[in-house]
Amino acid sequence: MHQLKIATVLLCAISGATTSSVWAQQAAPAPAAKPAAAAPAPAAKPAAAAPAPVKGFTPPASSSGQTIDSIAVVVNDDVITRNEVAARIKSVEQRMKAQNIPLPDPADLRRQLLERMIVERAQMQLAKEMGVRVDDLTLDRAIGRIAEQQKMTVQELRNQMEKEGTPFATFREEIRDEIIMQRLREHEVDAKIQISDSEVDNFLEAEKAAASEQVELNLAQILVRIPENSSPEQIAARRARAEEVSRQLRTGADFAKMAATYSDASDALSGGDIGWRQSDRLPPLFTEQLLKLKPGQITPIIKSNTGFHILKLVDRRSAAEAQAVAAVQQTHARHILLKVTPTLSAAEAKRKLLELKERLDNKAAKFEDLARLFSNDGSAAKGGDLGWLYPGDTVPEFETAMNALKPGEVSQPIESSFGFHLIEVLERKSDDVSKEKKRAAARNALRERKLEEATENWAREVRDRAYVEFRADDQ
C-alpha cells in the first residue's frame, strides 16, 4: 500500500457534503532552546558571527561546526530545509519505482518537488492564517475510515505503515494536512463555484441532442503553466517550452517521463495520469481534440487560461448503458447543525441540542425558528430545510439516522464529521429518476467541469502571491 493509494482512500473517506472549515486560534510557536555552552579550549579562534535566522526557522543547537541542515527555500516567513527536500525526493522515487514510472533527471525531479513543496507550504500558511485546523478526534475518525476502507484495524494499518518505513506519527500529520487542505479548498474554491439554471438547461439540451454514443476517455496530461499577470515575453517563453516538449513526444519520448520532467500540474510525478473521465465532463476545447485521436496519440498544444496543455489519449471505452433505475426513496428533511469550535466543545454542542430537542418535544418552539437562531449551516436561513434528499446525498452518519426516523420525528443529537445535528424528517416519497434528479446530475457534471480549472487557478494565485527566495547550495 503506497501513499498515493492512501491519499486516494482518504478522499473517499472524508468526502460527502460540502462543509465549511473549522476555525480556531493558532498556538504561538514555542521558544527555541538555548544552545549548550561549549567547553573552553586553549588558543581557540573566535567564532564568526552566525547570520540572523529567517523568521519561522530556528537552527538546532550544535557544539560542532558540522552543518546539520540548511535552508533550501524561504516561503513568506517560513522555510523549506534541504533535509525536507531530500526526504521528499526519496519518498517520491520509491513510489515512482513501485509504479514503474521512469524517473526523470535528478535535477528535474528536485525542481518539480521543490515547486510542489512551495505551493503546499504557501497553502498551509494560508490555512493557518484563516484558522483552519483539524482536531485529534476528527483525525482519529479519518484514520479509522482509511483503515476500514483497507479492511484493516487501525493497529494493522499502523503496523503496515511502519513496515514500509513511515512512522505512524508522520503518517497522522500527513493525513491532518490533507484534511486541512481539503477544507481550505472547499472554502476558497468549491463554495464559490456557481452553476446557473441556464447552464443546466443548455447542458441537458446538448446531452439530448448528442447523436454519438457517450464515451469515457483515459487521459494523461502535461501542463506548462502560465504565471498570473505574465508579460507577452513570458507567455512566449512558456509556449516555446511546450513546443519543445511536443517535439520530443513526436520523436518518441516517453510521455510519463516527460510529464514528470516538465509538467507543472499536480499529477506530474504520477506520469501526468488523469485517469478515466466522461467526455461530457471535460472542457469542450479538450474534448474537441481528444475525440479525433486514437489510443496512444497526443493532442496538439491546447491553450487555456491556466497554460499550455498536451493531452495523451491512453484509452477510450463506451460508457456503461444507463440501466433502468428502480424507484428510490426520497426524504424531505431539515436539520440544526452545531459545529465544534474553540468556544463550543463537543459536550456543550450535544447538551445544547438536547435542550433544543426538549423545547421541540414540549411544543415550546418551532423547528424552523430554532434552526434560524442556532444552526451553523447554510440552510439556517431556510429554517434548516435541506429539500428532497436521495440516497448518498448526505454523509453516512446523517443518512443512517435520518432513515431511522418517521415523518414528523426529531432525532437525538447525531455526530458527523461536520459537527452535531438535530434531524427532522418532514415527508418521504418513492420516485423514478425525475426531472429534478436529472437536473441535479447535470449541475454536478458542470460543477466537476469547472472545479478542476478553478482549483488550478486558485493554486496558481496562492503561489504567485507568495514571497519565495531560493538559497544557493553553499549557503
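Residues numbered from 1 in each chain as written. Predicted model: local features only at pLDDT ≥ 70, side-chain atom pairs only at ≥ 80, totals over all residues. Heavy atoms only, no water.

**Quick look at the overall build of the chain**
Per the secondary structure count, the chain includes 14 helices and 11 strands. Within the span of the chain, comprising 475 residues, buried residues form 39% of the whole. Taking the intrachain contacts of the chain between residues at least 6 apart in sequence as the baseline, contacts between residues at least 24 apart amount to 72%. In the form shown here, the chain has an accessible surface area of approximately 26900 Å², with 51% of it arising from carbon and sulfur atoms. (Helix = DSSP H or I, 4+ residues; strand = E, 2+ residues; numbered from the N terminus. Buried < 20%, exposed > 50% of the residue type's maximum accessible area, 1.4 Å probe, protein only. Contact = heavy atoms within 4.5 Å. Areas by Shrake-Rupley, 256 points an atom, 1.4 Å probe, with all protein chains shown as cover.)

**Quick notes on the pairing of strand β2 (residues 78–81)**
In this structure, strand β1 (residues 71–75) lies alongside β2, joined through four bridges in antiparallel fashion. Each bridged residue has a counterpart across the sheet, and for V75 the counterpart in β2 is D78. Hairpin geometry of β1 and β2 is characterised by an intervening segment of two residues between the two adjacent antiparallel strands and by a positive phi of about 55 degrees at N76. (Pairing = 2+ DSSP bridges.)

**Regarding the environment of S304**
Looking at the element boundaries, S304 is found in the loop between β5 (302–303) and β6 (307–318). When its relative accessible area of 11% is taken as the criterion, S304 is described as buried. When near neighbours in sequence (up to four residues on either side) are disregarded, S304 contacts L285 and H309. Looking at S304, its side chain comes within polar contact range of the main-chain nitrogen of T306, at 3.1 Å. (Polar contact = N/O pair within 3.5 Å; in protein donor to acceptor, adjacent residues only side chain to side chain.)

**Focus: helix α4 (residues 136–149)**
Its 14 residues place the ends of α4 20 Å apart at the C-alpha level, agreeing with the 20 Å of an ideal helix rising 1.5 Å per residue. For α4, the full list of buried residues reads T138, L139, A142, I143, R145, I146 and A147. Two or three places before L137, at the opening of α4, D135 has a side-chain oxygen 3.3 Å from that residue's backbone nitrogen. One or two residues past the end of α4 sits K151, with phi positive at roughly 60 degrees. (Expected span 1.5 Å × (residues − 1).)

**What to know about unusual backbone geometry**
A positive phi angle, close to 55 degrees, is found at N76, a residue other than glycine. Examined against the element boundaries, N76 turns out to sit in the loop between β1 and β2. On the accessibility criterion, N76 (31% relative accessible area) is partly exposed.

**Focus on the sheet that holds β1**
Pairing in this open sheet of three strands is antiparallel, and the strands run β2-β1-β11 from one edge to the other. Both edges of this open sheet fall to β2 and β11 (468–470), since each of them pairs with a single strand only. When strand polarity is set aside, the average angle formed by the axes of neighbouring strands in this sheet is 20 degrees. Two strands pair when backbone bridges link them, and β1 and β11 are joined in this way by three bridges, in the antiparallel orientation. By the bridge assignment for β11, V75 is matched with V468. (Axes fitted to C-alpha atoms, helices over the stretch in contact; angles between N-to-C directions.)

**A look at the confidence of the model for the chain**
Mean pLDDT for the chain: 80, with 81% of residues reaching 70 or above. For the chain, helix α1 (residues 3–14) is the element with the lowest average pLDDT, namely 43, and helix α12 (residues 367–374) is the one with the highest, namely 94. pLDDT under 50 marks residues 1–58. Its contacts with residues more than four places away, or in other chains, come to 74 contacts. For the stretch residues 320–326, pLDDT sits under 50, and the model shows four contacts to residues farther than four places along the chain or on other chains. (pLDDT = per-residue confidence, 0-100.)

**Thoughts on the pattern of salt bridges**
In this structure the tally under the stated criterion is 26 salt bridges. Residue R172 pairs with D136 through a salt bridge whose shortest N-O separation is 3.9 Å. Taken together, the residues R172 in helix α6 (residues 168–188) and D136 in helix α4 connect sequence positions 36 residues apart. The class for R172 is buried, based on a relative accessible area of 19%. Look at D136 and you get partly exposed, because its relative accessible area is 44%. Here R443 ties to D197 by a salt bridge, and the two come within 3.0 Å at their closest N and O atoms. Of this pair, R443 sits in helix α14 (residues 435–465) while D197 sits in helix α7 (residues 197–209); the two residues are 246 residues apart in sequence, bridging distant segments of the chain. Overall, the relative accessible area of 27% leaves R443 in the partly exposed class. (Salt bridge = Lys/Arg side-chain N within 4 Å of Asp/Glu carboxyl O.)

**Focus: the side chain of R334**
As for its placement among the helices and strands, R334 is situated in strand β7 (residues 328–338). Only 3.1 Å separates the side chain of R334 from the side chain of E368, close enough to count as a polar contact. A distance of 2.7 Å separates a polar atom in the side chain of R334 from a polar atom in the side chain of E424. Ignoring anything within four residues of it in the chain, the contact list for R334 reads F367, E368, G383, G384, D385, L386, L422, I423, E424 and L426.

**Thoughts on the packing of helix α3 (residues 106–129) against α14**
Close contact between α3 and α14 brings their axes to 9 Å; oriented N to C, the two are set at 85 degrees. Here α14 runs roughly perpendicular to α3, going by the angle between their axes. Residue-level inspection shows E115, I118, V119, A122, Q123 and L126 of α3 in contact with α14, the latter providing W458, A459, V462 and R463. Broken down by class, the residue content of the contact of α3 with α14 amounts to seven nonpolar, one polar and two charged. (Parallel < 35°, antiparallel > 145°, perpendicular 65-115°, else oblique. Nonpolar A, V, L, I, M, F, W, Y, C, P; charged D, E, K, R; others polar.)

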